[in-house]
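For reference, the chains in residue letters:
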Amino acid sequence: MDEASTDLGYDVVVIGAGPTGENVAGRATRAGLSAVVVEAELVGGECSYWACMPSKALLRPPAAVAEARSVRGAGAAVTGDLDVPAVLGRRDDFTHGWNDEGQVRWLDQHGIDLIRGHGRLAGQRRVAVDQPGGTVELSARHAVALATGTVPAVPPVPGLREAKPWTSRDATSAKAAPRSLAVLGGGVVGCEMATAWSGLGTKEVTLIQRGGRLLPGNEPFAGEAVKAALEARGVRLLLGASAARVERDPDGRVTLEMADGETIVAEELLVATGRKPHTDDIGLETVGLEPGTWLEVDDSMLVGGVDGGWLYAAGDINHRALLTHMGKYQARICGDVIAARAAGRPVDPAPWSAHAATANDACVPQVIFTDPEVGAVGLTADQAASRGLRIRAVDYEIGDVAGARLFADGYRGHARMVVDEDRGVVVGMTLVGMAVGEMIHAATIAVAGQVPLHRLWHAVPSYPTMSELWLRLLETYGL
């Protein structure tokens, strides 16, 4: 791309080259439209370099050792400690040393142009890209798609920002294990990073959660299982606790003064208290929207409150489901809708159509890579009941399944299936245990497909696998 160009036209302009932005552009070019992606950092975005991939690369080696040690005979072969430098090196391999050449090649292969720089809206169907050598002006014949994602939210605790705490980026890209680590936040990032670094050599980990339980958006038993596992690892958990003040001393140590008067000192402090939309400096004010806010969209990802039907927002930025796979799902629908409207074809707004991202509402799958893993899709029992559904929660101990007993001696895990009694379909599933992340997609299909229980009864699980859990849940239900 010629950076000296000052006014360039495309069918579609995408701001943000993470997985969501890449997929919007990819679907557009697949349909024959021209597309350009604007990116200020690395092509591939947060997931590739600071979130999904590096965090799971840190978590997998300790989990693999734990799995081996859980099988009599295999456990005897595990005689040493983890090679932490090798684990960090493998992590660096997955991030390609924070080099995006491979992702740029993907754009090239799909005929997508790339302009590096800070992109912002500059009026109707206009985008300005700030670069060291000047500003490139882009015009979109059909659509502009915003895919700038989120950034960490730092709570207003006195001294916290000045102490320069770790955010998730620092926690996943650290070059060595800190001697001690304090974690603010007991959600997914906090629990995963407490799991990772306690397994990679950090001797003292303290996790501080303002609420009364971990993983509050999940079934209560999931948070309880992770709590017990973290405590067994030696992680100190402070639930219902909050920091009143934070300070980093000249030697680099961080001191947290807690609201109850306790003092906690750690080499590093990770803030994992949530995310906020990365929309404060992308020109929203030029189209009548408020900077710094989440963007409201319809099921085609079209942004409301903007005349002309040309502005779209996909991924975390619209606050529907802050997960990479859901952003990619939205992006594929968004790109297809843009292409259909550009060609004058009708767009089907019906739920579960190819042009409506309705899985965001009640069919969102997620795997939390703690020890034990948590896999969940759809609604928890409380969420389903709060929507007025007449539900029944069916529970089963995964360790009672033959395949689980073969997988690990003394396997411990729990499953809950949430059934809508009026329709006779599964609306939610939560699995907690070793390697359950690889089983959750079957539940996703059941929930998304609204498969009646009497039909699921004929989906016979192979024996002896952990998937026989489905048979046991259905039998417990009464089939």
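Residues numbered from 1 in each chain as written. Predicted model: local features only at pLDDT ≥ 70, side-chain atom pairs only at ≥ 80, totals over all residues. Heavy atoms only, no water.

Visitor: Whenever I open this one, the sheet that holds strand S20 (residues 414-420) confuses me. Can you help?
Guide: Pairing between sheet strands relies on hydrogen bonds along the backbone, with the strands arranged either parallel or antiparallel. Spatially, five strands are ordered S17-S18-S21-S20-S19 in an open sheet, and the strand pairing comes out antiparallel. Taken across any chain shown, the strands that pair with only one partner, and hence form the sheet edges, are strand S17 (365-368) and strand S19 (391-397). Between one strand axis and the next, the sheet turns by 10° as a mean value, whatever way the strands run. In this sheet, strand S18 (residues 373-378) lies alongside S17 in antiparallel orientation, the contact comprising four bridges. Note that in S18 the partner of Gln366 across the bridge is Ala376. Helix-sheet contacts for helix H13 (residues 440-448) involve S17, S18 and strand S21 (425-433), and the interaxial angle to S21 is about 170°. Along the sheet face, helix H15 (residues 469-477) touches S19, S20 and S21 and points at about 130° away from the line of S19. (Pairing = 2+ DSSP bridges. Helix = DSSP H or I, 4+ residues; strand = E, 2+ residues; numbered from the N terminus. Axes fitted to C-alpha atoms, helices over the stretch in contact; angles between N-to-C directions. Contact = heavy atoms within 4.5 Å.)

Visitor: Is there a simple way to explain the confidence of the model for the protein in this structure?
Guide: Should the pLDDT be low somewhere, the predicted coordinates at that spot are not to be read in detail. On average, residues of the protein score 96 in pLDDT, and 99% of them are at 70 or above. Contacts for the low-pLDDT stretch residues 1-5, under 50 throughout, to residues beyond four places or in other chains number eight contacts. (pLDDT = per-residue confidence, 0-100.)

Visitor: When you look at the pattern of salt bridges in this model, what are you seeing that I'm missing?
Guide: Two side chains carrying opposite charge are able to pair once their charged atoms lie near each other. The full count for this structure, using the stated rule, is 25 salt bridges. Residue Arg236 is joined to Glu262 by a salt bridge in which the shortest nitrogen-to-oxygen separation is 2.6 Å. Of this pair, Arg236 sits in strand S10 (residues 236-239) while Glu262 sits in the loop between strand S12 (254-258) and strand S13 (263-266); the two residues are 26 residues apart in sequence, bridging distant segments of the chain. Given the relative accessible area of 38%, Arg236 is considered partly exposed. With relative accessibility at 25%, the residue Glu262 sits in the partly exposed group. Residue Arg423 is joined to Asp420 by a salt bridge in which the shortest nitrogen-to-oxygen separation is 2.9 Å. Judged by relative accessible area, which is 45%, Arg423 ranks as partly exposed. Residue classification places Asp420 among the buried positions, given a relative accessible area of 3%. (Salt bridge = Lys/Arg side-chain N within 4 Å of Asp/Glu carboxyl O. Buried < 20%, exposed > 50% of the residue type's maximum accessible area, 1.4 Å probe, protein only.)

Visitor: So what exactly am I meant to see when it comes to the packing of aromatic side chains here?
Guide: Remark: the centre distance and the inter-plane angle together describe each pair of aromatic rings, the angle taken between the planes. By the definition in use, this model includes three aromatic pairs. Measuring from centroid to centroid gives 6.4 Å for Trp166 and Trp197, while their planes differ by 50°, and the two rings are tilted. Pair noted here: Trp166 is in the loop between strand S7 (150-152) and helix H6 (168-173) and Trp197 is in helix H7 (residues 188-199), with a separation of 31 residues, a long-range link. By the burial criterion, Trp166 is buried, and Trp197 matches it. The ring of Trp50 has Arg169 lying over it, and the distance from NZ or CZ to the ring centre is 3.6 Å. (Phe/Tyr/Trp six-rings, centres within 6.5 Å; stacked < 30°, edge-to-face > 60°. Lys NZ or Arg CZ within 6 Å of the ring centre and 35° of its normal.)

Visitor: Even after reading the chapter, I still don't get the environment of Leu479, so can you show me in this structure?
Guide: Here Leu479 is to be found in the segment after H15. When its relative accessible area of 39% is taken as the criterion, Leu479 is described as partly exposed. Here Leu479 is in contact with Leu453, His454, Trp457 and Leu474, once residues within four sequence places are set aside.

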